[in-house]
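Observations on the model geometry
Okay, here's what each chain looks like letter by letter:
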Amino acid sequence: MSAKKLNLSEVIITKGVQISGLSSILFVLLILFFLISEGVPALFDVPISELLSQRWYPIEGYYGIVPLILGSLVVTLGASIIAVPFGVLTAVFIAEIAPKWLAEILKPLVELLAGLPSVVLGFLGILIVSPFLRDVLKLPTGLTAFTGSLLLGGIAIPTIVSISEDALKNVPVSYRHGSLALGITRWQTIWQVTVPAARTGILTAIMLGLGRTIGETMTVMMVTGNAPVIPDSLRSLFLPIRTMTATIASEMGEVASGSVHYHVLFFIGIVLFVFTMTVNIIASKISSREIKRSERILS
Amino acid sequence: MSNIPAEQINIPMKRQLIIEKFGFSVLTILTIATVLPIITVVIYIIYLGAPAISWEFLTAMPVDGMRAGGIWPAIVGTFYLTVGTAIFSVPLGIATAIYLSEYASDNRLTRNIRLAIINLAGIPSVVYGLFGLGLFVIFLKFGTSILSASLTLSIMTLPVIISTTEEALHAVPQSFRVVSVSLGATKWQTIRRIILPQAVSGILTGVVLGLERAAGETAPILFTGASFFLPRLPGSPMDATMALPYHLFVISTQVPGMPIQIQYGTVLVLIVFVLIMNIIATVIRSRARARRQW
Amino acid sequence: MDKIIVEHFSLTYSDGTESLFDINLRIPANQITALIGPSGGGKSTFLRILNRLNDLADVKKVTGKVLIDNIDVLDPDLDVIELRRKVGIVFSRPLPLPLSIFQNVAYGLELAGEKNKSVLNDAVERALRLAELWDEVNDRLHDPANSLSGGQQQRLCLARTLALEPEIILLDEPTSALDPLATARIENSLTELKKQYTIVVAPHNTQQAARIADFVAFFLQGKLIEFSSADKIFTKPVDQRTQDYISGKFG
Ligand SMILES: Nc1ncnc2c1ncn2[C@@H]1O[C@H](COP(=O)(O)OP(=O)(O)O)[C@@H](O)[C@H]1O
Ligand SMILES: [Mg+2]
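Bear in mind that the values here come from a model prediction, so they are computed numbers and not experimental data. (Residues numbered from 1 in each chain as written. Chains lettered and ligands numbered in written order. Predicted model: local features only at pLDDT ≥ 70, side-chain atom pairs only at ≥ 80, totals over all residues. Heavy atoms only, no water.)

**Thoughts on the packing of aromatic side chains**
Defined as follows: When two rings of Phe, Tyr or Trp (its six-membered ring) have centres within 6.5 Å they constitute a pair, described as stacked for plane angles under 30 degrees, edge-to-face for angles over 60, and tilted for the intermediate range. Classification of residues uses two cut-offs on accessible area relative to the type maximum, computed with a 1.4 Å probe and protein chains only: under 20% is buried, over 50% is exposed, and between them is partly exposed. Going along the chain from the N terminus, every DSSP run of H or I of four or more residues is numbered as a helix, and every run of E of two or more is numbered as a strand. Each ring is checked for a lysine NZ or an arginine CZ that lies within 6 Å of its centre and within 35 degrees of its normal; such an atom marks a charge sitting over the ring.
As enumerated under the stated definition, the model contains 17 aromatic pairs over all chains in all. Between Phe33(A) and Phe34(A), the aromatic rings sit 5.3 Å apart at their centres with planes inclined by 90°, giving edge-to-face as the arrangement. Judged by its relative accessible area of 5%, Phe34(A) falls in the buried class. Here Phe123(A) and Tyr264(B) contribute two aromatic rings whose centre-to-centre distance is 5.2 Å and whose plane-to-plane angle is 80°, an arrangement assigned as edge-to-face. Taken together, the residues Phe123(A) in helix α6 (residues 118–137) and Tyr264(B) in helix α11 (residues 260–291) connect one chain to another. This pair shows no difference in class: Phe123(A) is buried, exactly as Tyr264(B) is. Counting every residue linked through ring pairs, the aromatic cluster contains Phe33(A), Phe34(A), Phe131(B), Phe136(B), Phe139(B) and Phe142(B). Between Arg55(A) and the ring centre of Tyr62(A), over which it is positioned, the NZ or CZ distance is 4.3 Å.

So this is what it looks like as structure tokens:
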């Protein structure tokens, strides 16, 4: 037997694979770098008090981003009020109640919803949902925060359903049997045993669903009417509104690179980044009791 | 709960069973309320869009301010963008997953990589657009081009490919690795000859789902490569391009007097595209399950 | 001649369990040496050290010496690939790779760079004959390996190891998943194979050790209690604990 041979291709592949692994970190850093380097100059051009004011009207130099932040929050809140109950309960139905054949039909359908491009939902919003809401609720326009919430709910639901469903499926069967053996109905078992046991997974699902909603762009841009107003009452739900994402998407195409407006839009990107990161990090903290792969070597 | 005497169970039990029946019905209705709109909408779109679909619609250039003619450049553009995204994200994503699953030990670096991937997965698509604009379009001077847009979409797609690939690799039993190594295989030989062939369908599913998402995205390409209207097809990766989702956005919000059939026709093409990708992914997955040997 | 020499060898897994403690042992060539003892005694750990398969496990610390043909097995600069070709292993469950019967047997050789079809064919046939499997599979070499029965699969695993023409064959409870008939066939093969190979086996039970072993090592909770010829251990063991174990008092 000889000393270890240096296997060149093995070394190259190992290095290549390692570098690929590092690339994800690099990309996050690059994204941060470009957001900061293009967004922070906004703070030099526009005083903070100005940024935190209530008027967004860039053409005349008003750069108050508060209405945009509130717009995003209102739409997201509305979406979660719709998506959380529907999403979680649908997951419970698929995982615990539906017979197998039905579950096998429902799951791909939910996945199909997840796969629909957001621009398609926006399109449906414009052509179907918003005229419908306008006529039924007698609104001046159907392009409102509520319309956005409704459609964003549709975007969050598949995320919530599929992750919650996984969490429910991962609850050991023995838990359920234990409780069923005590003469407790399946319904009680679901709510007293299975759902509580899966609650971290369900919470993660909700957080990830929310993360998607805050960052969603095309749908809200198409259906919320894009009026940068402060939502100050429940009525605002049924009026046009404007989110951070829609603002970036609709205005970035028309600004000169390097202008004040350009920097402010990047600054909004930073705010958006911080929002979604917070939500996602909370989600990953919730689920961080990750199952470590500790399968032992053969014995 | 466990100390309810047996004789006391009966009467409350009856009530519980009624509650259960009621509860199940409510959940059934809620699920139908969630799922039914999806089916209805798809059928509705097919119904309204199908009449617009013709050979000409699919293969002709748009004319008359996009109010007539076809959507050929948008189809081609989406195809280019998808291929471009695949070129960058598939090798990188698979390699990263291989690193995480087969090479990395559980240390700080690995945890940071995982955190980075979670972050990438959570970044809003429009922020990717900003990033692509800053890095590829302006800083690297790629301009508004297929190249810039594909690179932007690639980074956005990476986390999907990484996580599904890693899952597929994890599903390969550890014993195969041990056996292979015991027969004198190096790590890479084991990966290439045993693990990847076993995981390939799971990986393909992930790739298809990731690309499906990329193909349907609009926000990341808005300022990196999408073009409102082009009189001819893009000639090189440095050209901007039309794309189906962006085209749909344009014709449903930016062009007054747009004939409704053209809009529904375009949606239908986009949905059929997504459906096909979805079906491919589902078929690959179920065939893999059926073939699984352990 | 001593093929394997182990001196003051200890091993600790990273969870802190000291699984082997100060092992001293000389394993003779062309004999069957059986490692017996209750489970958790460290037999598998010991076997996996001999071809450095424990490199894949979470090992915290090893000390002492392990020599095969006077070469230091624990040397970090050793070519472990070559070691593993020289020291083959068969596991307790039949674990065919997800390949065809032929590919399973040819796997090790192909890894080693053998491309010549006829060399491979010959080697596969030879290995399958040695493992007494040839007659049963020669007409379906390209079927998936897991279409074989459990006993056949385990003989395939033996053949797969033999194809590399190793010098030492390790077997970790190779018949624990097999019925008595399949077990007998493997045992027969082993007594046949020892003419060419040094065999170290952790048998399925004490009876199996009595049937096939020339030498026996008794492991108890990480310590080597007794090592001597099979005759001696089964007729007049020195240590009371060995006596107790063999007579079935524990384990
Ligand atoms: N991969 C491993 N990681 C940590 N501890 C292990 C591992 N393999 C075995 N052990 C521990 O080492 C001891 C000896 O185990 P083993 O070698 O499998 O004994 P035997 O084969 O005699 O049953 C046991 O306490 C076992 O729990
Ligand atoms: Mg063992």
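**Things to note about the site of ligand 1**
To keep it simple, the criterion reads: The cutoff for a nearby residue is simple: one of its non-hydrogen atoms must lie within 4 Å of the molecule or strand. Polar contacts, as counted here, are pairs of nitrogen or oxygen atoms within 3.5 Å of one another; within protein the pair requires one atom able to donate a hydrogen and one able to accept it, and residues that are adjacent in sequence qualify only if both atoms are side-chain atoms. In these tables, accessible area is a Shrake-Rupley quantity obtained with a 1.4 Å probe, and a residue counts as shielded only by the protein chains included in the view. Throughout this entry, Asp, Glu, Lys and Arg are counted as charged residues, while Ala, Val, Leu, Ile, Met, Phe, Trp, Tyr, Cys and Pro are counted as nonpolar. The remaining residues, Gly among them, count as polar.
Taken together, 14 residues sit near ligand 1, with Ser19(C), Gly40(C), Lys43(C), Ser44(C) and Thr45(C) positioned nearest. Neighbouring residues of ligand 1 are not confined to a single chain but are spread across chains A and C. At 2.6 Å, a backbone N or O of Gly40(C) approaches an oxygen atom of ligand 1. For ligand 1, whose accessible area on its own is 550 Å², the fraction buried by protein is 83%. Examining the composition of the shell around ligand 1, we find that four residues originate from one element, helix α1 (residues 43–50) of chain C, more than from any other. Class assignment for the residues of the shell around ligand 1 results in three nonpolar, seven polar and four charged.

**Remarks on unusual backbone geometry**
Note: most peptide bonds trans; most residues except glycine with negative phi. Residues and elements named next belong to chain C. Despite not being glycine, His 8 shows a phi value in the positive range, around 45°. The topology assignment puts His 8 in strand β1 (residues 2–13). A positive phi angle, close to 45°, is found at Gln 221, a residue other than glycine.

**Details of the interface of chain A and chain B**
Formally: Contacts are assigned to residue pairs with any non-hydrogen atoms lying within 4.5 Å of each other. When two parts are brought into contact, each loses some accessible area as probed by a 1.4 Å sphere; the total of that loss over both is the buried area. For salt bridges, the criterion is a side-chain nitrogen of Lys or Arg within 4 Å of an Asp or Glu carboxyl oxygen.
With 76 residues of chain A in contact, the opposing surface of chain B contributes 85 residues. Between chain A and chain B lies a buried interface of about 7,200 Å² when both sides are counted; carbon and sulfur atoms form 79% of it. Counting across the chain A and chain B interface gives zero salt bridges. The tally of links from chain A across to chain B stands at eight residue pairs in polar contact (both at pLDDT 80 or more). Elements with a contribution of two residues or more to the side of chain A that touches chain B: α1 (8–39), α4 (66–97), α5 (100–115), α6, α9 (186–197), α11 (218–223), α12 (244–251) and α13 (260–286) of chain A. Of all the elements, α1(A) adds the most residues to the side of chain A that touches chain B, at 17 residues.

**Brief notes about the pairing of strand β8 (residues 198–202) of chain C**
Residue and element names in this part refer to chain C. We count it as follows: In this scheme, strands are said to pair when DSSP sees at least two bridges between them.
Of all five residues making up β8, five are buried, and the element is well covered by its neighbours. Side chains Thr 198, Val 200 and Ala 202 project from β8 onto one buried face, and the interleaved Ile 199 and Val 201 project onto a second face that is buried too. Bridge count for strand β7 (residues 168–172) against β8 is five bridges, and the pairing is parallel. Its bridge partner lying in β8, Ile 168 is registered against Thr 198.

**Considerations on the sheet that holds β7(C)**
Neighbouring strands of a sheet are bound in pairs by backbone hydrogen bonds; such pairs are parallel or else antiparallel. All names here are of chain C. The cut-off we apply is this: With axes taken as lines fitted to C-alpha atoms, and helix axes fitted only over the stretch in contact, angles between N-to-C directions fall between 0 and 180 degrees.
The strand order across the open sheet formed by six strands is β6-β7-β8-β3-β9-β10, and the pairing between neighbours is mixed. At either end of the open sheet lies a strand with only one pairing partner, and these are β6 (87–90) and β10 (223–229). Each strand axis lies, on average, 15° off the axis of its neighbour in the sheet, ignoring direction. Two strands pair when backbone bridges link them, and strand β9 (residues 215–220) and β10 are joined in this way by six bridges, in the antiparallel orientation. Across the sheet, the residue bridging to Phe 219 is Leu 224, located in β10.

**As for the sheet that holds β1(C)**
Residues and elements named next belong to chain C. Taking strand neighbours across the sheet as the criterion, the four strands line up as β2-β1-β4-β5 in an open arrangement whose pairing is antiparallel. For this open sheet the edge positions go to β2 (18–28) and β5 (71–72), each flanked by a neighbour on one side alone. Bridge count for β1 against strand β4 (residues 59–68) is eight bridges, and the pairing is antiparallel. Across the sheet, the residue bridging to Thr 12 is Lys 61, located in β4.

**Some remarks on helix α4 (residues 108–122) of chain B**
So the rule is basically this: Take the residue count of a helix, subtract one, and multiply by 1.5 Å to get its expected span.
Taking 1.5 Å of rise per residue, 15 residues should cover 21 Å, and α4(B) covers 21 Å from first to last C-alpha, within 8% of that figure. Every buried residue of α4(B) is accounted for by Thr110(B), Ile113(B), Ala116(B), Ile117(B), Asn119(B), Leu120(B) and Gly122(B). Residues of α4(B) that are buried in the fold lie against α1 and α13 of chain A together with α3 (72–103), α5 (125–139) and α6 (146–170) of chain B. The distance from a side-chain oxygen at the start of α4(B) to the backbone nitrogen of Leu109(B) is 3.2 Å, and the residue carrying that oxygen is Asn107(B).

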